[in-house]
Amino acid sequence: NAGVTQTPKFRILKIGQSMTLQCAQDMNHNYMYWYRQDPGMGLKLIYYSVGAGITDKGEVPNGYNVSRSTTEDFPLRLELAAPSQTSVYFCASSHDPDYGYTFGSGTRLTVV
Amino acid sequence: KQEVTQIPAALSVPEGENLVLNCSFTDSAIYNLQWFRQDPGKGLTSLLLIQSSQREQTSGRLNASLDKSSGRSTLYIAASQPGDSATYLCAVVTGNQFYFGTGTSLTVIP
């Protein structure tokens, strides 16, 4: 099983550019999440989804958008990249939050 | 809003020593608590998951305890090894969300 796959692993964007961070899981999990990790700040939830067609905001959603058209995929969209969005982004999925989560290996994004 | 705190932020111990990492949370209405390991530049690897109804979980040299009423969890690592060097994160599930602590950076000196 591939688990949770994130692409790309690294990316440098210029201010104002847009991009989509991809996340795919092959475990048929309903729950999927996007987090960002800033140095010394822990992980903060950006958006989450409890199933195909359903998304909701987390703690820090501003500047991001998501969609969940299939169970497998949960892409994160940055429309107008800003330096404050420089971070490491993690995608996670779960069959049932009571039984834990599986994380992807992360995407390191730098906005210059 | 759930707040998760981990103390200490960094810890350095000689190889072979037993050690305890601490995690505290402000809202005791949690579904579960999970301990993760993160190596530099890598993702998160799940170590132990404790359901809200459980008091502890064990895996090899690792033992995690949970006291919901006091909002505390500990991760005990026995006979530490240099390969244990990493950042350890605790996270609690409240509602549909995971709340993370800022982690403890552990260095085990050979």
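Scroll up a little and you will see the structure.
Now for a quick tour of the structure. Numbering of residues starts from 1 in each chain and follows the order in which that chain's sequence is written. Ligands are numbered from 1 and chains lettered from A, in the order in which they are written. Only residues with pLDDT of at least 70 are given local features in this predicted model, and only at 80 or more are side-chain atom pairs given and counted; all residues enter the totals for whole chains, interfaces and linings. Side-chain numbers here rest on the full set of heavy atoms in the structure, without hydrogens or water.

### Considerations on the interface of chain A and chain B
Applied cut-off: Contacts were defined at the residue level, with two residues in contact if any of their heavy atoms lie within 4.5 Å. Once two parts are put together, the accessible area they lose, assessed with a 1.4 Å probe and summed over both, is termed the buried area. Counted as salt bridges are all cases of a side-chain nitrogen of Lys or Arg within 4 Å of a carboxyl oxygen of Asp or Glu. N or O atoms closer than or at 3.5 Å make up a polar contact, with two conditions inside protein: a donor-capable atom paired with an acceptor-capable one, and, for residues adjacent in sequence, both atoms drawn from side chains. The secondary structure listing takes helices from DSSP runs of H or I that are at least 4 residues long and strands from runs of E that are at least 2 residues long, numbered from the N terminus. Each residue gets one label: Ala, Val, Leu, Ile, Met, Phe, Trp, Tyr, Cys and Pro are nonpolar, Asp, Glu, Lys and Arg are charged, and the others, such as Gly, are polar.
Contact residues are listed per partner, giving 24 residues for chain A and 22 residues for chain B. Here chain A meets chain B over a buried area of about 1,700 Å², counting both sides, of which 54% is carbon and sulfur. Area buried by chain A at its contact with chain B is led by A:Asp98, A:Tyr101 and A:Phe103, which between them contribute 29% of it. A:Glu59 is the salt-bridge partner of B:Lys1, the closest N and O atoms lying 3.1 Å from each other. Applying the counting criterion to the chain A and chain B interface returns 4 residue pairs in polar contact (both at pLDDT 80 or more). Counting only elements with at least two residues in the side of chain A that touches chain B, the list comes to β4 (31-38) and β5 (42-51) of chain A. Its residues assigned to classes, the side of chain A that touches chain B shows 13 nonpolar, 7 polar and 4 charged.

### What to know about the environment of B:Ser52
All names here are of chain B. We count it as follows: Any residue under 20% of the maximum accessible area for its type is buried, any over 50% is exposed, and the rest in between are partly exposed; the area is computed with a 1.4 Å probe on protein chains only.
By secondary structure assignment, the location of Ser52 is in the loop between β5 (44-51) and β6 (56-59). A relative accessible area of 27% means that Ser52 is categorised as partly exposed. Expressed as a C-alpha distance, the spacing of Ser52 and Ala29, which sit 23 residues apart in the sequence, is 8.5 Å. Discounting residues that sit within four places of it in the chain, Ser52 has contacts with Ile30, Tyr31, Asn32, Leu66 and Lys68.

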